[in-house]
Amino acid sequence: MADKQHLYLVDGSAYIFRAYHRLPPLTNPEGTPVGAVYGYTTMLWKLAEDLDKADGPTHLAVVLDKSSKSFRNEIYDQYKANRPAPPEDLVPQFPLIRHATRAFSLPLIEEPDVEADDMIASYARTAARQGWDVTIVSSDKDLMQLIGTSEQGGTIDMLDTMKSARIGPEEVREKFGVPPELVGDVLALMGDSVDNIPGIFGVGPKTASKLIQDHGSLTAALDSATDMKKSKLKERLLEHRGDAELSRVLVTLKEDCPLPIAIEDMKIATIPPEPLTAFLSEHGFTSLMRRLEGGNGGPGPSTQLHPAKPQNEGEGHAPQGNRQPLPDMPDVDRSAYECVQSVEALDAWIERSFKARLVAVDTETSALDAMQAELVGISLAVGPNEACYIPLTHYTSDAGGDDMFAQRPEQIPLATALEKLKPLLESDAVLKVGQNIKYDLNVLARHDIAIAPIDDTMIVSFALDAGRSQDGIGGGHGMDELAQRHLGHTCLTFKEMCGTGKKAIPFGQVPLDRATEYAAEDADVTLRLYRHLKPRLAVEGGTRVYERVDRPLIPVVAGMERHGIRVDRDRLVGLSERFATEIARLEGEIHEIAGQEFAVGSPKQLGEILFEKMGYKGGKRGKSGQYSTDQSVLEKLDAQGAPIATKVLEWRQLAKLKSTYTDALQQAINPNTGRVHTSYSLTGAQTGRLSSTDPNLQNIPIRTEIGREIRQAFVAEPGNVLLAADYSQIELRLAAHMANVEPLREAFAAGEDIHNRTAREMFGEVDRDTRARAKTINFAILYGISRWGLAGRLGIEAEEAQDLIDTYFARFPGIQRYIVSTLETVRERGYSETLFGRKTWFPRINSKNQAERQGSERAAINAPIQGTSADIIKRAMARMGPALADAGLQPGAPDGVRMLLQVHDELVFELPEGLVDDAKPVIEQVMAEAATPAVELTVPLGIDIGTGLSWDDAH
DNA sequence: GATGTCACG
DNA sequence: GACGTACGTGACATCC
């Protein structure tokens, strides 16, 4: 024979699992996950490229598992019994593996009631007996038994395409310490937790290998036990002999299965291009398509947000049982970090990052506020302990960073470094991973760098573990906490670098050796966290919310923060003065009534004045022994005819408005932009809502006339207007949908006033009083009702409140079902879920402490509703930019439509007056249709839109 | 840093 | 028999 035949047998089922765990969750244009399919396709591709090579394939077939049952189940009912179900986003990929195989026009073997391993064994032996060479494309250790050379001179070896390693008899001996024919004996002793093969309890690979080496066979090893010295091992060998013998049968491959396709028919020639092109294009594997067209395509799937991980790293173990294995990573070694001070060194790191196709990034700055902070340095990590810090504007003298006389250590000029880094940070082919990467996005956006594509470990943690905490601590998503929790690693703290209080120094003054340890560690730890947390998303079902809702929102929210909103400072100054005068007047009157001066703002002093000195009744002490003096208490006193209570209430309102708003907002105006830039937290609220800080722009007054004057200070730039669009009654609409409450759905569909409808259902008649009570009850339902809570709100007895609740449940029966079933699910699983799959954990839902438990129950009833509402507006926000762009409305441009604020159910935009008519319908449509197509609601989402020169006028 | 209060959805 | 009563947030003042 001129050319030896060489049969390649591809263990497709094993491959897809490994590809799944190693590759990021790519999706095709239709949104189906295809990460593992992509890995599989490239592997076939590689094999196809080897067709003409010396030991390349002449024949090839793919073998898949058709069903999970085989003869092994008949002799051992526990076989593979503890296998977890495959991850939810892997399941749809199984059929695609078949499509891929057919696209390459390759023979596919899948037989019922036969495991792929047995089929591979049968084919391999048959081919080798005919003198063919055989290569098994797999890394399954069970298959290693087959390696060797037949009497007819046919060799069998294995190819691990992920490690690009050939496995022959030598490699087997290295791994097991025995030749291939004894591998089965070793496996029988050590067992296999993945397949649930028992082996001998307490015997692992090391002991098993030694026993077989010493005695030459399983039977001899087991027999030797009787003569062994007394030991744990001896006992175990004697006691579990039966397990080992059973295991020996289980690990033996069946080599005489009937062959559905003759090996001669597996010959491959040129692969016909048409089916392959169709397949590649269907799934958006564009780089492979380019290669097919003759060009030399890029390294990864360039149309995908997420390039594949490099082939030479990230090789972990397959998950064992249900345990989520810690990625195999060395301990953090800060001495391994490099301080990058030359352009050459920077170039080398940039090249490494491109090669790795995944880089963790962290920026160090002079302050916390991303809008004002100056860039001090950047750190990168491409692997555990493979991290560097690039100092940029460090200085050592007391002079400021901008001072031309400042002493500066050797550093690459800022502009040079950023010019070098920009292509990396913006490259589609390299995934940038950050911890709270929104911050880095904002800092670098000010240097004209738009980081993409991105992943964020903080957001991943939030998608997985929102609400999870142990004993009140450890529920956060900050890096130091995550490092401690998941990696058992304690990070250097910012305090250790910069000190605190008056002695604190800016990060730019930290000596480079220490700064490198701190900054590079941040990138290193981020990368490690990514490797640990990201795979959990798919396994635990967090992929959808992370990829479709939260991650796309990061650059959108970053943009909103950078836009900020214009605030009329003069107006605030005027208000502050007015409030100050009024507060002083009220304070005088209060002191006069009290008969002495005291700090009105001190609840402690006020309580003593009211309930001791003045002798009012109704003084209740809290657990701290203090009298309560909150609004409800003061209102009761007011009703009793206590003039001081009214005055204090007025004083409090004005003091609050002045300190929290009119004074503080002036301070918050950014001197460079003249606007106020809040910071949104994407992980702040456990339900999935955003929260706003520094300043909080989600609690600007609106409910009172005087408070609304503050809203009038939020204004549009000249020639522009503000547009406010809010979801009307969104939580009640969602409750009507989720609890399937027909009367409420009907009312929403008809555009009825929902509280009127509730009043009619509950009380039979609608007037101001019944509507107000109905409104209270509606909200009480959303918040998880209790008879006492409702009684307190309505000023009625608890029994009466219970009657109202009963009536409500009777009129709207779906509500009670929703509450009961929600609680059941949460008790059982530990978490609630929104319509879009966002989880919120309730670790105290089964607490023995009644108050704790009931608190969790109320929160658990509310979370799916509040969270779904949050999901919906987030989806609207993520889609808004593209929709506005399609309409030619230039989202984000100074003369286009800018989205500025989000207040839970409201979005605020700034736009040129001339664009209002065009923008309104686009905004309304995006918001109204934000749930689709993922979720089809049975209630319409109503949107109210208004415009005006101020935020107040826009309502 | 904890507590009380109050601004918002 | 005691518990402590609506869900989710953030900021400020006071006081220890």
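From a predicted model like this one, the values you see are computed outputs, not experimental measurements. (Residues numbered from 1 in each chain as written. Chains lettered and ligands numbered in written order. Predicted model: local features only at pLDDT ≥ 70, side-chain atom pairs only at ≥ 80, totals over all residues. Heavy atoms only, no water.)

Next up on the list: the protein's contact with DNA strand C. Near DNA strand C lie 30 residues; those nearest to it are Ser602, Ala780, Arg793, Gln850 and Arg858. Among all atoms of DNA strand C positioned within 4 Å of the protein, those belonging to sugar or phosphate total 61%. Between DNA strand C and Gln866 there is a distance of 3.1 Å, counted from a sugar or linking oxygen to a side-chain nitrogen or oxygen. At the level of secondary structure, the elements contributing two or more residues to the surface near DNA strand C comprise helix 23 (603-613), helix 25 (643-668), strand 17 (691-693), helix 30 (768-782), helix 31 (787-794) and helix 34 (850-886). Tallying contributions element by element places helix 34 first for the surface near DNA strand C, with 6 residues. For the surface near DNA strand C, a count of residues per class yields 7 nonpolar, 17 polar and 6 charged. (Near = heavy atom within 4 Å. Polar contact = N/O pair within 3.5 Å; in protein donor to acceptor, adjacent residues only side chain to side chain. Helix = DSSP H or I, 4+ residues; strand = E, 2+ residues; numbered from the N terminus. Nonpolar A, V, L, I, M, F, W, Y, C, P; charged D, E, K, R; others polar.)

Near DNA strand B, the surroundings consist of 21 residues, among which Thr629, Lys656, Ile702, Arg703 and Asp905 are the closest. Among all atoms of DNA strand B positioned within 4 Å of the protein, those belonging to sugar or phosphate total 80%. In the environment of DNA strand B, a base nitrogen lies 3.1 Å from a nitrogen or oxygen atom belonging to the side chain of Arg689. Measuring from a sugar or linking oxygen of DNA strand B, one finds a side-chain N or O atom of Asp905 at 2.7 Å. With 4 residues, helix 25 is the largest single contributor of residues to the surface near DNA strand B.

What follows concerns the layout of surface pockets. There is about 1800 Å³ of room inside the second largest pocket. Taken together, 38 residues form the lining of the second largest pocket, with Gln698, Ile700, Ile702, Arg703 and Arg711 sitting closest to its centre. Elements with a contribution of two residues or more to the lining of the second largest pocket: helix 24 (631-639), helix 25, helix 26 (705-711), strand 19 (720-728), helix 27 (730-738), helix 30 and helix 34. When residues in the lining of the second largest pocket are grouped by element, the largest group, 6 residues, is from helix 25. Residues of the lining of the second largest pocket, tallied by class, amount to 13 nonpolar, 13 polar and 12 charged. When residues of the lining of the second largest pocket are assigned to domains, at least three fall in each of domain 3 (571-675) and domain 4 (730-864). (1 Å grid on protein atoms, 1.4 Å probe; cavity = no way out; pocket = protein on both sides within 12 Å on 5 of 7 lines; lining within 4 Å. Points joined across faces, edges and corners; volume = space filled by probe spheres on them. Domains from an automatic or database assignment.)

Quick look at the domain arrangement of chain A now. The assigned domain composition of chain A is domain 1 (6-172 + 253-266), domain 2 (334-562), domain 3 (571-675) and domain 4 (730-864). Taking the mean C-alpha position of each, domain 2 and domain 4 sit 43 Å from one another. At the interface, 15 residues of domain 2 touch 9 residues of domain 4. Overall, the association of domain 2 and domain 4 removes approximately 990 Å² of surface from exposure, summing both partners, and the carbon and sulfur fraction of that is 42%. Inspection of the domain 2/domain 4 interface yields 1 salt bridge. We note a salt bridge from Arg838 to Asp550, for which the minimum N-O separation is 2.9 Å. Only helix 17 (457-465) and helix 21 (543-563) provide two or more residues apiece to the side of domain 2 that touches domain 4. Per-element tally for the side of domain 2 that touches domain 4: the top contributor is helix 21, with 4 residues. (Contact = heavy atoms within 4.5 Å. Buried area = accessible area lost by both parts, 1.4 Å probe. Salt bridge = Lys/Arg side-chain N within 4 Å of Asp/Glu carboxyl O.)

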